[in-house]
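# Remarks on the overall topology
One letter stands for each residue in the lines below.
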Amino acid sequence: MSEEGLLRKITERFGDKIIEAKVLGKRRVSILVSPDAYKDVVRYAAQDLGLEFLSCLSGVDRGDSLEVVVHLGYSMHVLIKTRVSKDDPAVDSITDILPAASLYEREIHDLLGIAFKGHPNLKRIFLPEDWPEGVYPLRKDYSPEHPKPLRGGEAV
Amino acid sequence: MNFEVPIGPQHPIHVEPLMLRLKVEGELIVDADVDVSYIHRGIEKALELRPYIQGLYLVERICGICNAAQSLCYCLNVEQLLGKEAPPRARYLRIVVEELSRIHSHLLWLGHYLHTLGFETLFMYFWRDRERVMDMLELITGNRVTTAYNTIGGVRRDLPPGAEQKLRRTLDYIEERVRYYEKVIDSEPTILARTQRVGILKPGDAVRMGVTGPHLRASGIKHDVRLDDPYSGHDEIPFNVITWDTCDCYARVKVRLRETSECVNMIRYALDHMPSGDYRLKIPPFFKAPPGESLSRVEAPRGELVHYSISDGGDRPYRYRVRTPTLANLLSVVEMLRSRGDYEVYIADVPAILGGIDPCICCSARILITDEAKKRRMITTLDDIIRFSRGRRVERR
């Protein structure tokens, strides 16, 4: 299937739920969908278009909104994106369609603070347990303190 | 009665800090949980704060062993953003170094894996042969481990004079040794007993769990980024994608062994057909990338490596995302460790199963101390440990 053919199939099926669809390059396709259709688009791509391999999920802080990017496919790499607002961000979990999403959703929850509705075990994965609540290091408003060099066990 | 057996964060079977919590009934494992939180270094955030050229140095340090793959993936990504492509000679030189580090990684893994199964001598043998590969890496790149060979727009240096003959001699040696090791492994009953029908991952489960790399190919699925999404002239170089259909730890050993000989052939082909011309483009060290996004994938020794970057037109990435192969493979460990039906997993199988994915986890931030007598757990930070250590002065008289 060509890049354009794949885009056409998805836009024909979901119509105005697709906000933006473009070809990024050879074997790279990007589709921005509205949050309510996000799970259906992922299901359609994974089950009907045969893109059953989940490469990963990425989270991006887009300034006024947060973006979740699903990377699908072995040879063709399809990015399915959706954006949610920053106050109380929540997206449907896709772990029931693609179990591999489990760790990546925990990662995005941990680092960007997006809740995944329906995730079976949405706990911390990378940050320490004593990390303050509500502080998300990958958001743009977070700036890491300048690391202090250690000398003889004491920060100088 | 159920018990929880913690293995880690520091344990002889782990090379790096990793916490495995196993729920056991007698010797049988009924459930498992993996904790990787000992290693987070915040590299994705750090990459947003640095110009592209500085990011290259940081990316190389994500993983010591796959550094060639990491830096290649980063360079491909930034080149894509800039709309540039490395010259043909650079592409072939990149393949030579990438495949050399794959040989070095696979030999390292085989040695370590057989060591955890109790074969000290094989460990020494494998690592001795790996040393020859390290010498070649040093000859070509100037460094043994962190090669620092790839750069934005090509590679840092050309093949030094006389390197080709030395490299060919080493390849002959490695090929012969790998043939010998395959015979050893196939005729050693203990290795077969400890790996065959252990840690079974069916092809369907492997795809569902998002497994990548040699681990996926050992489940009989023919996927390799070099074949499906060629990135550095791999479409010009003939090679076989090795698969094995027994789906167990034995398959993982076989796939990696055979891949090593495949790498040898790829390097030979690249040397035979090495294009002439420049080995790098002239790109100024500090530059602004045009706005856009780019995605690069590389077949690292442990599996598919994904770099995804977004540029807002500045001199540093707006967002840089790295997905390393071990994170993709971790979920399958939990699946393989869980006994169900006829498939039984015992505590003695844990090193074989965990080692089978070639886990690569690094850098510690804190420690979990369990006080069995008082039945309590507490998290101790690095600062606390430093304080404890200073509180207890050793008196010398």
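Note that the structure is predicted; figures quoted are calculated from it, not measured.

Each helix and strand counted, chain A has 3 helices and 9 strands in total. Its helices and strands in sequence order give chain A the pattern α-β-β-α-β-β-β-β-α-β-β-β, from N to C terminus. On the principal axes, the C-alpha backbone points of chain A span a range of 60 × 30 × 30 Å. A separation threshold of at least 6 residues defines the contact pool for chain A, and within that pool the share at least 24 residues apart is 45%.

Before going further, it helps to spend a moment on the overall build of chain B. Helix and strand counts for chain B come out as 14 helices and 10 strands. Compactness check: chain B gives a C-alpha radius of gyration of 22 Å against a globular reference of 21 Å for 397 residues, within 12% of the reference. If you line up chain B on its principal axes, its C-alpha atoms span 70 × 55 × 55 Å. Intrachain contacts of chain B at a sequence separation of at least 6 include 69% that bridge at least 24 residues.

Residue and element names in this part refer to chain B. Strand order across the open sheet formed by 3 strands is S1-S2-S3, with antiparallel pairing between neighbours. Each edge of the sheet is formed by a strand with only one pairing partner; in this case those strands are strand S1 (2–7) and strand S3 (28–35). Mean inter-strand twist for the sheet, computed between neighbouring axes without regard to direction, equals 20°. As paired strands, S1 and strand S2 (residues 19–25) are joined by 6 bridges and run antiparallel to one another. Each residue of the ladder has a partner; that of Val5, found in S2, is Leu22. Strands S2 and S3 of the sheet are contacted by helix H12 (residues 325–337), whose axis makes an angle of about 165° with S3.

Residues other than glycine seldom take positive phi values, yet Asp88(A) does so here, at roughly 55°. Within the secondary structure, Asp88(A) sits in the loop between strand S5 (77–85) and strand S6 (90–92). For Cys247(B), which is not a glycine, the phi torsion comes out positive at approximately 60°. Mapped onto the secondary structure, Cys247(B) falls in the loop between helix H10 (225–228) and helix H11 (249–272). Overall, Cys247(B) belongs to the buried group, with 21 C-beta atoms counted inside 10 Å.

So, about the interface of chain B and chain A. Chain B puts 31 residues into the contact, and the matching count from chain A is 29 residues. Elements represented by at least two residues in the side of chain B that touches chain A include exactly helix H1 (43–48), helix H8 (203–208), strand S6 (292–300), strand S7 (303–311), strand S8 (319–323), H12 and helix H14 (382–391) of chain B. In terms of residue count, the dominant contributor to the side of chain B that touches chain A is S7(B) (4 residues). Its residues assigned to classes, the side of chain B that touches chain A comprises 13 nonpolar, 5 polar and 13 charged.

Below, the discussion takes up the sheet that holds strand S4 (residues 65–72) of chain A. Residues and elements named next belong to chain A. Read across the sheet, 5 strands follow the order S1-S2-S5-S4-S3 without closing on themselves; strand pairing throughout is mixed. The open sheet is flanked by strand S1 (18–25) and strand S3 (54–61), the only strands paired with a single partner. Averaged over neighbouring strand pairs, the angle between their axes works out to 20° when direction is ignored. Sheet topology note: the S4/S5 ladder contains 8 bridges and is antiparallel. Directly across from Val68, in S5, lies its bridge partner Thr82.

Let's shift gears to the packing of helix H4 (residues 88–116) of chain B against H11(B). All names here are of chain B. Contact pair H4 / H11: the axes reach a minimum separation of 9 Å and the direction vectors enclose 155°. When the axis of H4 is compared with that of H11, the two are roughly antiparallel. H4 and H11 meet at a crossing whose hand is left-handed. Taking contact as the criterion, the partners of Tyr92, Ile95, Val96, Glu99, Leu100, Arg102, Ile103, His106, Leu107, Trp109, Leu110 and Tyr113 in H4 are, on H11, Val253, Arg256, Leu257, Glu259, Thr260, Cys263, Met266, Ile267 and Ala270. Here the contact of H4 with H11 is built from residues that sort into 15 nonpolar, 2 polar and 4 charged.

All names here are of chain A. Summarising burial for S3: 8 of the 8 residues are buried, a large majority. Where S3 and S4 come together, 7 bridges link them in antiparallel fashion. For Asp61, the partnering residue across the bridge sits in S4 and is Leu66. In this antiparallel pair of consecutive strands, S3 and S4, the connection spans 3 residues, and Gly63 shows a positive phi of 90°.

Conventions we followed
- Residues numbered from 1 in each chain as written.
- Chains lettered and ligands numbered in written order.
- Predicted model: local features only at pLDDT ≥ 70, side-chain atom pairs only at ≥ 80, totals over all residues.
- Helix = DSSP H or I, 4+ residues; strand = E, 2+ residues; numbered from the N terminus.
- Contact = placed C-beta atoms within 7 Å.
- Rg over C-alpha atoms; globule rule 2.2 N^0.38 Å.
- Pairing = 2+ DSSP bridges.
- Axes fitted to C-alpha atoms, helices over the stretch in contact; angles between N-to-C directions.
- Buried ≥ 20, exposed ≤ 12 C-beta atoms within 10 Å, placed from the backbone.
- Nonpolar A, V, L, I, M, F, W, Y, C, P; charged D, E, K, R; others polar.
- Parallel < 35°, antiparallel > 145°, perpendicular 65-115°, else oblique.
- Left-handed = near helix turned anticlockwise from the far one by under 90°.

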